[in-house]
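What follows is the residue order along each chain.
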Amino acid sequence: MKNNTQIEQELYIKKYKLENRIVKASRISLLFLFLLFWELMSDLSVIDSFFFSSPSRITLLFIDMCRNFEIFIHTGITLYETIISFIIVNVLSILISVILLSFEKVSRIMEPYLVILNSLPKSALAPLIIVWLGTGRKTIIVAGISVALFGSIINLYTGFIQVDNEKLKLITTLGGNRKDQLTKVIIPASVPIILSNMKVNIGLSLVGVIIGEFLAAKRGLGYLIIYGSQVFKLDLLILSIIILCIIALLLYQSIDFLEKRYK
C-alpha cells in the first residue's frame, strides 16, 4: 500500500511532466502559427514578400542551396570559427584568472583595464584588427575572442575569489600550498561558475565571429547576411539569420546539457 506521501509525490511528478508537455506543445504551436500568419500575409500581399520574404520562399532557397552544398559550407565555416574562438576564450580566461588570483598586485593593477576593455564596443575594434591581421579566418577568430574574453575573465576571477575561505585555511593547516588550494578547492568549487560562464561565452563568440565576417570574410553566414542586404536578396538574408538562431540554440543547449550532467 502506498502512503499519502508517495501518492502526493507521484501526483506532483505527473503534474510536472504534464506542464512540461504543455509548455513544449505551446512553443511549437506558437512557432507554427507565426509561420502560417507570415505566409498568409505574404500570399495576400498584406506585406511585400520582396522585403519580408515568406516561409515558402525561404524553404525553396534552402533546398536550392542544399543541392550544391553551398549553405552547408557557409554554415560549417561559421560554426568552426565560433567553436575555435569559444575554446580559446575559455582556456585563456581560466589561465588569466588563475594568474590574477595568484598575484594580488597584478589583479589590482589590471582590474580597471579589464573593466574598460569589457565595456568597449567590440565592433569598434574590428576595423583595427583587420588592419593588423588583414582579412581572413584568423581575423574573424580574433574578433570572436575579443567579444567574450574580457567579460569571461572578470566573471571567473570574481567566482574564484568568492570560494569559501575556511576551506582554503584548512588546506594550509594540513600543510598544503597555494597550488593545492587552487587544484583541490578553488577550481573544483568553481566548476559550476565555469560551466555557467561557458554558456555566455558560446553566444558571445558567435556574435564576435559574425561581426568579423561582416567586415573581413568571403564565406560564412555573416558574409551571406551582408551580401544579401547589399544585393537585396532578402530571402538569403533571412535564411542566414534563421540558421544563426538554430546554431545559437544548439550550442547553448549542448553546454546546458554538460552543466546538467555535472549537477
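Structure first, text after, so check above.
Notes on the structure in this doc start here. Keep in mind the model is a prediction, meaning the values are calculated, not measured. (Residues numbered from 1 in each chain as written. Predicted model: local features only at pLDDT ≥ 70, side-chain atom pairs only at ≥ 80, totals over all residues. Heavy atoms only, no water.)

Together, Lys 17, Arg 21, Lys 24 and Arg 27 line one region of the surface with positive charge. According to the relative accessible area criterion, Arg 27 is exposed, its value standing at 61%. (Patch = residues over 30% accessible without salt bridge, like charges linked within 9 Å, V, L, I, M, F, W, Y side chains within 5 Å. Areas by Shrake-Rupley, 256 points an atom, 1.4 Å probe, with all protein chains shown as cover. Salt bridge = Lys/Arg side-chain N within 4 Å of Asp/Glu carboxyl O. Lys, Arg positive; Asp, Glu negative; His and termini not counted. Charge placed at Lys NZ, Arg CZ, Asp CG, Glu CD. Buried < 20%, exposed > 50% of the residue type's maximum accessible area, 1.4 Å probe, protein only.)

Packing of helix H6 (residues 126-133) against helix H7 (residues 137-161) brings their axes to within 10 Å, and their N-to-C directions diverge by 145°. When the axes of H6 and H7 are compared, the crossing they make is right-handed. Two secondary-structure elements touch here, H6 through Ile 129, Ile 130 and Leu 133 and H7 through Lys 138, Thr 139, Val 142, Ala 143 and Ser 146. Of the residues assigned to the contact of H6 with H7, the class counts are five nonpolar, two polar and one charged. (Axes fitted to C-alpha atoms, helices over the stretch in contact; angles between N-to-C directions. Helix = DSSP H or I, 4+ residues; strand = E, 2+ residues; numbered from the N terminus. Left-handed = near helix turned anticlockwise from the far one by under 90°. Contact = heavy atoms within 4.5 Å. Nonpolar A, V, L, I, M, F, W, Y, C, P; charged D, E, K, R; others polar.)

Let us now look at the layout of surface pockets. Space left empty within the atom packing is revealed by a probe, the size of a water molecule, rolled over the atoms. By volume, the largest pocket is sized at about 350 Å³. Surrounding the largest pocket, Leu 31, Phe 34, Leu 35, Trp 38, Pro 55, Ile 58, Thr 59, Phe 62, Leu 239, Ile 242, Ile 243 and Ile 246 form its lining. Here the lining of the largest pocket is built from residues that sort into eleven nonpolar, one polar and no charged. Approximately 170 Å³ is the volume attributed to the second largest pocket. In this structure, the second largest pocket is lined by Ile 77, Glu 81, Thr 135, Gly 136, Arg 137, Ile 140, Ala 216, Ala 217, Lys 218 and Arg 219. Elements that contribute at least two residues to the lining of the second largest pocket include exactly helix H4 (70-102) and H7. When grouped by side-chain class, the residues that make up the lining of the second largest pocket number four nonpolar, two polar and four charged. (1 Å grid on protein atoms, 1.4 Å probe; cavity = no way out; pocket = protein on both sides within 12 Å on 5 of 7 lines; lining within 4 Å. Points joined across faces, edges and corners; volume = space filled by probe spheres on them.)

Another aspect to go through is the environment of Leu 117. By the secondary structure assignment, Leu 117 is in helix H5 (residues 104-119). We classify Leu 117 as partly exposed; its relative accessible area is 33%. Sequence separation between Leu 117 and Gly 76 is 41 residues, and the spatial gap between their C-alpha atoms is 30 Å. The residues touching Leu 117, leaving out its near neighbours within four places in the chain, are Lys 122 and Phe 150.

Positive phi, close to 65°, is recorded for Phe 69, a residue that is not glycine. Inspection of the secondary structure puts Phe 69 in the loop between helix H3 (55-67) and H4. By relative accessible area, Phe 69 is classed as exposed at 52%.

What follows covers the pattern of salt bridges. Scanning the model with the defined rule gives four salt bridges in all. In this structure, the salt-bridge partner of Asp 64 is Arg 67, at a minimum N-O distance of 3.9 Å. You can see Asp 64 and its partner Arg 67 sitting in helix H3, three residues apart, about one turn around the helix. By relative accessible area, which is 43% here, Asp 64 ends up partly exposed.

Let's shift gears to the packing of helix H9 (residues 178-216) against helix H10 (residues 221-230). At a minimum axis separation of 7 Å, H9 and H10 run at an interaxial angle of 50°. Taken together, the axes of H9 and H10 lie oblique to each other. H9 and H10 meet at a crossing whose hand is right-handed. The residues of H10 that touch H9, namely those facing Ile 210, Glu 213 and Phe 214, are Leu 221, Gly 222, Tyr 223, Ile 225 and Ile 226. When the residues that make up the contact of H9 with H10 are grouped by side-chain class, the tally is six nonpolar, one polar and one charged. (Parallel < 35°, antiparallel > 145°, perpendicular 65-115°, else oblique.)

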